[in-house]
Amino acid sequence: MSKELLNRKKEKCTNCTLKGCFCNYPYYLPTEVCIHNTSNDCWVSFNDGVYDLTELCQLWKGTKNIKPILALAGKDISHWFDREKNDIKHYIHPLNGKLVPYCPHGPIPDVDSISQISTWKTAKKMPWWKSEKYRIGNLTKNPRPCRIINVLTGCEAIISVCEEDTIRRIQKRFLIFNSNNESYTWTYEGKPVDLDKTLTENGILDERDRFVNCGLPEDIYIPALLCHYNDDLTMTT
């Protein structure tokens, strides 16, 4: 687990008073989750959260219970869970009339099969889907494109960002194109942007739905952030 994520877990959220709040956690794109799709690097998403289940895969390595998770590694498995109850879904079994966990792909870790007629029982310990230790972030509610132009070099790139990303987070995403972001001032329409606010909070709206409703391609216009070099002789380390 990264040092940054550990610090976020220790921080108290100032935006709400909900128990088990994850507001301070980083947001991820579905495309970032999907590349973690092996037993040695296994992420999944469900109910707006992103979970690193690599440790779980190692604990259950070689068992049939881990196979459904490996089959869906890197994907969203929200259909397994009841969002309101924050628990795995249950259904009435047609053969014995009992309320049993819904496991469409077979038994999973912390849900054990106790007979061949699909009578199930959940483990008595805290199941992995309720354990906060596996949660590493939130799944964005709106992946959106962002155009960034380096005024000094003329380099231009369109990257996918999370609606919830602050400009600082977007700067980190842009490091692959510009490793010296600290030496640049970022602006939009001639005015410096607030690095601790999102694109929308800076007045940079996502208008793709409006374009589509007008019969236009959704990417006909993508707002551009401009990076102006400060000439402060800052060197990368």
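Let us look at the structure shown here. (Residues numbered from 1 in each chain as written. Predicted model: local features only at pLDDT ≥ 70, side-chain atom pairs only at ≥ 80, totals over all residues. Heavy atoms only, no water.)

Regarding the environment of isoleucine 92
Here comes step 1: Take isoleucine 92: it is sitting in strand β7 (residues 90-92).
Here comes step 2: Not counting the four nearest positions on each side in its chain, isoleucine 92 is found in contact with Gly97, Lys98 and Leu99. (Helix = DSSP H or I, 4+ residues; strand = E, 2+ residues; numbered from the N terminus. Contact = heavy atoms within 4.5 Å.)

Some words on the sheet that holds strand β15 (residues 191-192)
Here comes step 1: The 5 strands are arranged β13-β12-β16-β14-β15 in an open sheet whose pairing can be described as mixed. The sheet is open, and its two borders are formed by β13 (156-162) and β15, each paired with just one other strand. (Pairing = 2+ DSSP bridges.)

So, the sheet that holds strand β11 (residues 135-139)
Here comes step 1: Spatially, the 5 strands line up as an open sheet ordered β1-β11-β4-β3-β2, and their pairing is mixed. In this open sheet, the two edge strands, each paired with only one partner strand, are β1 (27-28) and β2 (37-38).
Here comes step 2: Two strands pair when backbone bridges link them, and β1 and β11 are joined in this way by 2 bridges, in the parallel orientation. Across the sheet, the residue bridging to tyrosine 27 is asparagine 138, located in β11.

Structural notes on the pattern of salt bridges
Here comes step 1: The tally for this structure, following the rule as stated, stands at 12 salt bridges.
Here comes step 2: Where lysine 130 meets aspartate 87, a salt bridge forms, and the shortest distance between an N and an O atom there is 4.0 Å. Taken together, the positions of lysine 130 in the loop between β10 (120-122) and β11 and aspartate 87 in strand β6 (residues 87-88) put the pair 43 residues apart, joining distant regions of the chain.
Here comes step 3: For glutamate 207, the salt bridge goes to arginine 210, with nearest N and O atoms at 2.6 Å. (Salt bridge = Lys/Arg side-chain N within 4 Å of Asp/Glu carboxyl O.)

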